[in-house]
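Observations on the three-dimensional arrangement
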Amino acid sequence: MSLVRNSSRLLRSQLKRVQSVPVALYHENVVEHYENPRNVGSLDKKDITVGTGLVGAPACGDVMKLQIKVDENGKIIDAKFKTFGCGSAIASSSLATEWVKGKSIDEAGKLKNTDIAKELRLPPVKLHCSMLAEDAIKAALADYKVKQQKKD
């Protein structure tokens, strides 16, 4: 029994953190956002201060929901996402929600997929993930603007 306990301790001490995504394929920025995603969740889609964008990529099966909450001054005060997809799609969603917080709706509309891809260092084969994030932001902004027109 003592031999088993000692072997177990030795094995545990020798093991390093197991990566949940293959590190060789992803930059550390992607891995960080994938393993520690920011702003996961949902906002009340019925709230007129919340805009919801739901986009998908049929080619790979990624689906991204991104929501923004806007204050009375047109500033994005909160953002949430839920994404079904690969590590790059989740990382792109997480980064997008971080970047839109604190921006005006006009500033958020200027965020580009190329900026997201550059920050995450996405390889060319994963650029569609950053495009999805940009599309989700634009869809959320459009939904918010429609709600604002309906209230007037």
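What counts as what
Residues numbered from 1 in each chain as written. Predicted model: local features only at pLDDT ≥ 70, side-chain atom pairs only at ≥ 80, totals over all residues. Heavy atoms only, no water. Helix = DSSP H or I, 4+ residues; strand = E, 2+ residues; numbered from the N terminus. Expected span 1.5 Å × (residues − 1). Buried < 20%, exposed > 50% of the residue type's maximum accessible area, 1.4 Å probe, protein only. Contact = heavy atoms within 4.5 Å. Salt bridge = Lys/Arg side-chain N within 4 Å of Asp/Glu carboxyl O. Axes fitted to C-alpha atoms, helices over the stretch in contact; angles between N-to-C directions. Parallel < 35°, antiparallel > 145°, perpendicular 65-115°, else oblique. Left-handed = near helix turned anticlockwise from the far one by under 90°. Nonpolar A, V, L, I, M, F, W, Y, C, P; charged D, E, K, R; others polar. Pairing = 2+ DSSP bridges. Patch = residues over 30% accessible without salt bridge, like charges linked within 9 Å, V, L, I, M, F, W, Y side chains within 5 Å. Areas by Shrake-Rupley, 256 points an atom, 1.4 Å probe, with all protein chains shown as cover.

**Overview of helix H3 (residues 87–100)**
Residue pairs spaced three or four apart in an α-helix point in one direction, given the helix's 3.6 residues per turn. Over its 14 residues, H3 runs 20 Å from end to end, which matches the ideal 20 Å to within 8%, given 1.5 Å per residue. Counting buried positions along H3 yields 12 of 14 residues, so the element is predominantly enclosed. The elements touched by buried residues of H3 are helix H2 (28–35), strand E2 (62–70), strand E3 (76–84), helix H4 (105–109), helix H5 (113–120) and helix H6 (127–151). Directly after H3, the chain includes Gly102, whose backbone phi takes a positive value near 90 degrees.

**Points about unusual backbone geometry**
Residues other than glycine seldom take positive phi values, yet Asn39 does so here, at roughly 65 degrees. Judged by relative accessible area, Asn39 falls into the buried class, the value being 14%. The backbone of Arg121 sits at a positive phi, close to 55 degrees, despite the residue not being glycine. With respect to the element layout, Arg121 can be found in the loop between H5 and H6.

**Here we look at the pattern of salt bridges**
This model, assessed by the stated rule, comprises six salt bridges. A salt bridge links Glu98 to Arg38; the shortest N-O distance between them is 3.4 Å. Of this pair, Glu98 sits in helix H3 while Arg38 sits in the loop between H2 and strand E1 (50–57); the two residues are 60 residues apart in sequence, bridging distant segments of the chain. The exposure class of Glu98 is partly exposed, given its relative accessible area of 33%.

**A short note on the packing of H3 against H6**
The contact between H3 and H6 brings their axes to 8 Å, and the two run at 40 degrees. Classed by the angle they form, the pair H3 and H6 counts as oblique. The two elements H3 and H6 meet at a crossing, and its hand is right-handed. Here H3 contributes Ser88, Ala89, Ser92, Ala96 and Val100 to the contact with H6, which in turn contributes Cys129, Ser130, Ala133 and Ile137. Within the contact of H3 with H6, the residues separate by chemical class into six nonpolar, three polar and no charged.

**Quick word on the pairing of E1**
In terms of strand pairing, E1 meets E2 through eight bridges, oriented antiparallel. Of the residues in E2, the one forming a bridge with Gly51 is Ile68. Connecting the antiparallel pair E1 and E2 is a turn made up of four residues, with Gly61 showing a positive phi of about 90 degrees.

**Some remarks on a nonpolar patch on the surface**
Judged by side-chain polarity, Leu54, Val63 and Phe84 come together as a nonpolar surface patch covering roughly 340 Å² of accessible area. Topologically, Leu54 is positioned in strand E1. Using a relative accessible area of 60% as the deciding quantity, one classes Leu54 as exposed.

**Thoughts on the environment of Val70**
Summarising the element assignment, Val70 is placed in strand E2. Between the C-alpha atom of Val70 and that of Ser104, which follows or precedes it by 34 residues, the distance is 8.4 Å. Sequence-distant contacts of Val70, defined by excluding residues within four places in its chain, comprise Thr49, Lys75, Ile76, Ile105 and Tyr144.

**Overview of the environment of Val63**
Structurally, the position occupied by Val63 is in strand E2. Under the relative-accessibility criterion, Val63 is labelled partly exposed at 37%. Between the C-alpha atom of Val63 and that of Leu132, which follows or precedes it by 69 residues, the distance is 8.4 Å. Filtering out sequence-adjacent residues up to four positions away, Val63 remains in contact with Leu54, Val55, Gly56, Lys82, Thr83 and Phe84.

Geometric values such as these leave the question of function open.
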